[in-house]
Amino acid sequence: MARNSWHMLRENGAVVLTRQVPPQFDLSAEARINVSGGLSLSALAQQVRQDTWRALRAVRGFAPAVRVERDADTVTITSGGRVPRTGNMAWIERKVQDVLDDPANRRRWLAHAGRRS
């Protein structure tokens, strides 16, 4: 598979961005964000994937996967992915949750996804 080959899977009101099909979430973290107005779920998923990857690029074998689902005025983001089994699973999961909980990340993601809608 080419280095930039990502799969964008669309489901009812949701988008999954993954390197492999079917998506694999060995670990994951979740966040809910209140939103209003137009929002590109695929642009949001891409931004979350990039920040998750940046936070965990030193984890050998990590393959990020992100699911973004919109329900009325709430977006649910599930970020994680495939990780080789290591003793650091709890640390990796905390890092993913830290990425999702960062207010600066959320503002940037929503601004970017709102422009793309």
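Keep in mind that this is a model prediction, so the values were computed, not measured.

**Q** Just checking my understanding: could you explain the overall build of the protein chain for this structure?
**A** Along the protein chain, the regular secondary structure elements total three helices and five strands. For the protein chain, the C-alpha radius of gyration of 14 Å lies close to 13 Å, the compact-globule estimate for 117 residues. Seen through its C-alpha atoms, the protein chain measures out along the principal axes to roughly 40 × 30 × 20 Å. Looking at the 117 residues of the protein chain, the share that counts as buried comes to 40%.

**Q** Teacher, can you tell me more about the sheet that holds strand β3 (residues 27-34) here?
**A** Two pairing modes exist for strands in a sheet, parallel and antiparallel, and in both the strands are linked by backbone hydrogen bonds. Overall, antiparallel pairing links the five strands, which are arranged β1-β2-β4-β5-β3 in an open sheet. The two strands at the open ends of the sheet, each matched to only one other strand, are β1 (7-11) and β3. Ignoring which end each strand starts from, the neighbouring axes of this sheet average 15° apart. Against the sheet, helix α2 (residues 89-101) touches β3 and β5 (74-82), its axis set at about 15° to β3.

**Q** How should the pairing of strand β2 (residues 14-18) be read in this particular structure?
**A** Where a strand is regular, its side chains alternate between the two sheet faces. Here β2 lies mainly inside the structure; five of its five residues are buried. Burial along β2 is two-sided: the face carrying A14, V16 and T18 and the face carrying V15 and L17 are both buried. Remark: two residues form the turn of the hairpin made by β1 and β2, two consecutive strands paired antiparallel; G13 in that turn has positive phi of roughly 70°. Taken together, the five bridges between β2 and strand β4 (residues 63-71) define a ladder with antiparallel strand orientation. Among the inter-strand pairings, T18 is bridged to a residue of β4, identified as A65.

**Q** Can you help me understand the pairing of β4 in this one?
**A** One ladder, built from nine bridges, connects β4 with β5; its direction is antiparallel. Within β5, the residue paired with R67 across the bridge is T78.

**Q** Please explain helix α1 (residues 41-56) as it appears in this structure.
**A** End to end, α1 covers 22 Å across 16 residues, agreeing with the expected 22 Å (1.5 Å per residue, within 8%). Taken together, the buried positions of α1 are L41, S42, A43, L44, A45, Q47, V48, R49, D51, T52 and L56. Each element contacted by the buried residues of α1 is listed here: β1, β2, β4, β5, α2 and α3 (103-116).

**Q** Would you take a moment to explain the nonpolar core for this structure?
**A** Considering soluble globular proteins, one finds that nonpolar side chains tend to be buried as a cluster. Ranked by internal contacts, the top residues of the largest apolar core, which has 28 residues, are L44, V68 and I77. Elements that contribute at least two residues to this core include exactly β2, β3, α1, β4, β5, α2 and α3. Among the elements that take part in this core, α1 stands out by supplying six residues, more than any other. Not counting chain neighbours up to four residues away, the residues in contact with V68 comprise G13, A14, V15, L41, L44, A45, V75, T76 and I77.

Rules of the game
Residues numbered from 1 in each chain as written. Predicted model: local features only at pLDDT ≥ 70, side-chain atom pairs only at ≥ 80, totals over all residues. Heavy atoms only, no water. Helix = DSSP H or I, 4+ residues; strand = E, 2+ residues; numbered from the N terminus. Rg over C-alpha atoms; globule rule 2.2 N^0.38 Å. Buried < 20%, exposed > 50% of the residue type's maximum accessible area, 1.4 Å probe, protein only. Pairing = 2+ DSSP bridges. Axes fitted to C-alpha atoms, helices over the stretch in contact; angles between N-to-C directions. Contact = heavy atoms within 4.5 Å. Expected span 1.5 Å × (residues − 1). Core = buried A, V, L, I, M, F, W, Y, C linked by side-chain atoms within 4.5 Å.

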